[in-house]
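Observations on chain architecture
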Amino acid sequence: MLLMKRFIGAGVSFFLSVSFVCIFIISQNTLWNLFWLQSQNFDISFLILFSSLAHDIKGGVSPIILQWGIPISFYTVICITLLLAFIITFLIRLRFPINSKFSYAIAGFTSMYVMMSLIIMKYDGIVLISSARENFGLFVFCFIGLLGGFFFDTLISNFLKRGN
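Report follows, based on the coordinates. Since this is a predicted model, take the numbers as computed values, not measurements. (Residues numbered from 1 in each chain as written. Predicted model: local features only at pLDDT ≥ 70, side-chain atom pairs only at ≥ 80, totals over all residues. Heavy atoms only, no water.)

**Considerations on the overall build of the chain**
Counting secondary structure elements, the chain contains five helices and two strands. Reading the chain from its N terminus to its C terminus gives the helix and strand order α-α-β-β-α-α-α. With the principal axes as the frame, the chain shows a C-alpha extent of 55 × 35 × 35 Å. Accessible surface computed for the chain: about 10,700 Å², of which carbon and sulfur atoms make up 73%. The average position of the 10 basic charges and that of the 5 acidic charges among the side chains of the chain differ by 23 Å. (Helix = DSSP H or I, 4+ residues; strand = E, 2+ residues; numbered from the N terminus. Areas by Shrake-Rupley, 256 points an atom, 1.4 Å probe, with all protein chains shown as cover. Lys, Arg positive; Asp, Glu negative; His and termini not counted. Charge placed at Lys NZ, Arg CZ, Asp CG, Glu CD.)

Written as structure tokens, this is what we have:
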């Protein structure tokens, strides 16, 4: 029974941290684009800001049909990326005694950087996420992944304390 509680706690922690990362990355991208539009003398009202954020978050979790007919969304890409990073971190932590908050935060940061690098390589140097085209935007993008890893460790630690 304890193993089942730990597994459920890890799953809930994972999906909450993935949702956190996805919402903040989409929001960062939307705000980055709206700030650029405002710098080009477009009038951006609060209503436009709010509706753009809502539209982009909804679009980020909506599946896009790829050429192979497999429905996938931005949320799914983030989910797969962080899942691989957290599993690798868990396996490394089994062998080496590393601080969990530090290791999962670094895993989140690194996974976002690797994901962005792989997307760039796949599409011949085109950065699909416009907010990550500049170094500062890429850093903020990866920093959100770091916060997601930290959030994951905090949640999983709380679930494990509560489960004992």
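Here the narrative resumes, following the displayed structure.
**Concerning a nonpolar patch on the surface**
Taken together, the side chains of Ile80, Leu84, Ile88, Ile92, Phe96, Ile98, Phe102 and Ile106 present a nonpolar region at the surface, about 740 Å² in accessible area. For the nonpolar patch, the elements supplying multiple residues, two or more each, are helix H3 (74-95) and helix H4 (100-122). At four residues, the largest contribution of residues to the nonpolar patch is made by H3. The residue Leu84 is located in helix H3 in this model. (Patch = residues over 30% accessible without salt bridge, like charges linked within 9 Å, V, L, I, M, F, W, Y side chains within 5 Å. Salt bridge = Lys/Arg side-chain N within 4 Å of Asp/Glu carboxyl O.)

**Quick look at the packing of aromatic side chains**
In this structure the tally under the stated criterion is 10 aromatic pairs. Look at Phe20 and Phe24: their rings are 4.7 Å apart centre to centre, the planes differ by 45 degrees, and that puts the pair in the tilted class. Here Phe20 pairs with Phe24, and both are found in helix H1 (residues 2-39), just four residues apart, close to one helical turn. The exposure class of Phe20 is partly exposed, given its relative accessible area of 24%. Overall, the relative accessible area of 44% leaves Phe24 in the partly exposed class. (Phe/Tyr/Trp six-rings, centres within 6.5 Å; stacked < 30°, edge-to-face > 60°. Buried < 20%, exposed > 50% of the residue type's maximum accessible area, 1.4 Å probe, protein only.)

**Describing unusual backbone geometry**
Even without being glycine, Asn41 reaches a positive phi, approximately 70 degrees. Here Asn41 lies in the loop between H1 and helix H2 (46-61). Judged by its relative accessible area of 73%, Asn41 falls in the exposed class.

**Let's talk about the environment of Leu3**
Among the structural elements, Leu3 can be located in helix H1. Taking C-alpha positions, Leu3 is 26 Å from Ile78, a pair spaced 75 residues apart along the chain.

**Regarding the environment of Leu47**
With respect to the element layout, Leu47 can be found in helix H2. Linking Leu47 and Lys161, residues 114 residues apart in sequence, is a C-alpha distance of 43 Å.

**With respect to the nonpolar core**
Judged by nonpolar contacts, the single largest core of 26 residues is most densely connected at Ile78, Leu82, Phe86, Met112 and Phe141. For this core, the elements supplying multiple residues, two or more each, are H1, H3, H4 and helix H5 (135-163). Ignoring sequence-local partners within four residues, the contact set of Phe86 consists of Phe14, Ser17, Tyr104, Ala107, Gly108, Gly148, Gly149 and Phe152. (Core = buried A, V, L, I, M, F, W, Y, C linked by side-chain atoms within 4.5 Å. Contact = heavy atoms within 4.5 Å.)

**Some details on the side chain of Asn29**
Looking at where Asn29 falls in the secondary structure, it is placed in helix H1. The class for Asn29 is buried, based on a relative accessible area of 19%. Residues in contact with Asn29, not counting those within four places in the same chain, are Ile129, Ser130 and Ser131.

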